[in-house]
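# Architecture and fold: a report
As a plain string of letters, each chain reads:
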Amino acid sequence: MNSVIFTVFVLPLLIGVMIRWMFLKWKRGYLISGVFVLISVIVWLWTKHLANHGVDGTVMLWAWMTTILTVGSLIVGGTSLLIKKIKH
């Protein structure tokens, strides 16, 4: 696997999954996902208002990485919610 693909796509997904999984027993664990969503929106707004989009490709990669981090967190949160609903 290419190291850039791992760093940009796989690693943020794993980090998001692990962070949300650590707070799975906490009743307000959804706040972690909310913080990730907020950070992702802020970074996307920041990249939208850059002066030169061609030069600042690294910032666009940060936006993708925060989005993938958020997706990983939301996957774990949604899966745990479904498991709780099925058990009850």
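Keep in mind the model is a prediction, meaning the values are calculated, not measured. (Residues numbered from 1 in each chain as written. Predicted model: local features only at pLDDT ≥ 70, side-chain atom pairs only at ≥ 80, totals over all residues. Heavy atoms only, no water.)

### Some thoughts on the overall build of the chain
Rule in force here: Helix numbers and strand numbers start at the N terminus; a helix is a DSSP run of H or I with at least 4 residues, a strand a run of E with at least 2. For the radius of gyration, the atoms used are the C-alpha atoms, and the globule rule reads 2.2 Å times the number of residues raised to 0.38. When accessible area is computed with a 1.4 Å probe and restricted to protein chains, residues below 20% of their type maximum are described as buried, those above 50% as exposed, and intermediate ones as partly exposed.
Secondary structure summary: the chain contains three helices and zero strands in total. Sequence-ordered secondary structure for the chain, helices as α and strands as β, is α-α-α. For 88 residues, the compact-globule estimate of 2.2 N^0.38 gives 12 Å, and the C-alpha radius of gyration of the chain, at 15 Å, exceeds that figure by more than 25%. Projecting the C-alpha coordinates of the chain onto the three principal axes gives extents of approximately 50 × 30 × 20 Å. Residues classed as buried in the chain amount to 26% of the 88 residues present.

### With respect to the side chain of Ser40
Counted only if it meets this: As used in this structure description, the phrase polar contact means that two N or O atoms lie within 3.5 Å; if the pair is within protein, one of them must be able to donate a hydrogen and the other to accept it, and residues adjacent in sequence are counted only when both atoms belong to side chains. The contact rule is simple, with two residues in contact once any of their heavy atoms fall within 4.5 Å.
By secondary structure assignment, the location of Ser40 is in helix H2 (residues 30–48). At 3.2 Å, the side chain of Ser40 forms a polar contact with the side chain of Thr67. Dropping the residues within four chain positions of it, Ser40 is found in contact with Thr66, Thr67 and Thr70.

### Let's talk about the packing of H2 against helix H3 (residues 57–87)
This is how the line gets drawn: Here, axes are lines fitted to C-alpha atoms. For helices the fit covers the stretch in contact, and angles between N-to-C directions go from 0 to 180 degrees. Geometric relationships in this document are graded by angle, where less than 35 degrees denotes roughly parallel, more than 145 denotes roughly antiparallel, 65 to 115 denotes roughly perpendicular, and other angles denote oblique. By convention the crossing between two helices is left-handed if the near helix lies anticlockwise of the far one by an angle smaller than a right angle, and right-handed if it lies clockwise. Three categories are distinguished: nonpolar for Ala, Val, Leu, Ile, Met, Phe, Trp, Tyr, Cys and Pro, charged for Asp, Glu, Lys and Arg, and polar for the others, with Gly belonging to the last.
Where H2 meets H3, the axes come as close as 9 Å, and the angle between the chain directions of the two elements is 160 degrees. Looking at the two axes, H2 sits roughly antiparallel to H3. The hand of the H2/H3 crossing is left-handed. Residues Ser33, Phe36, Val37, Ile39, Ser40, Val43, Trp44, Trp46 and Thr47 of H2 form the contact with H3, whose own contacting residues are Val59, Met60, Trp62, Ala63, Trp64, Thr66, Thr67, Leu69, Thr70, Ser73 and Leu74. Of the residues that constitute the contact of H2 with H3, the class distribution is 13 nonpolar, seven polar and no charged.

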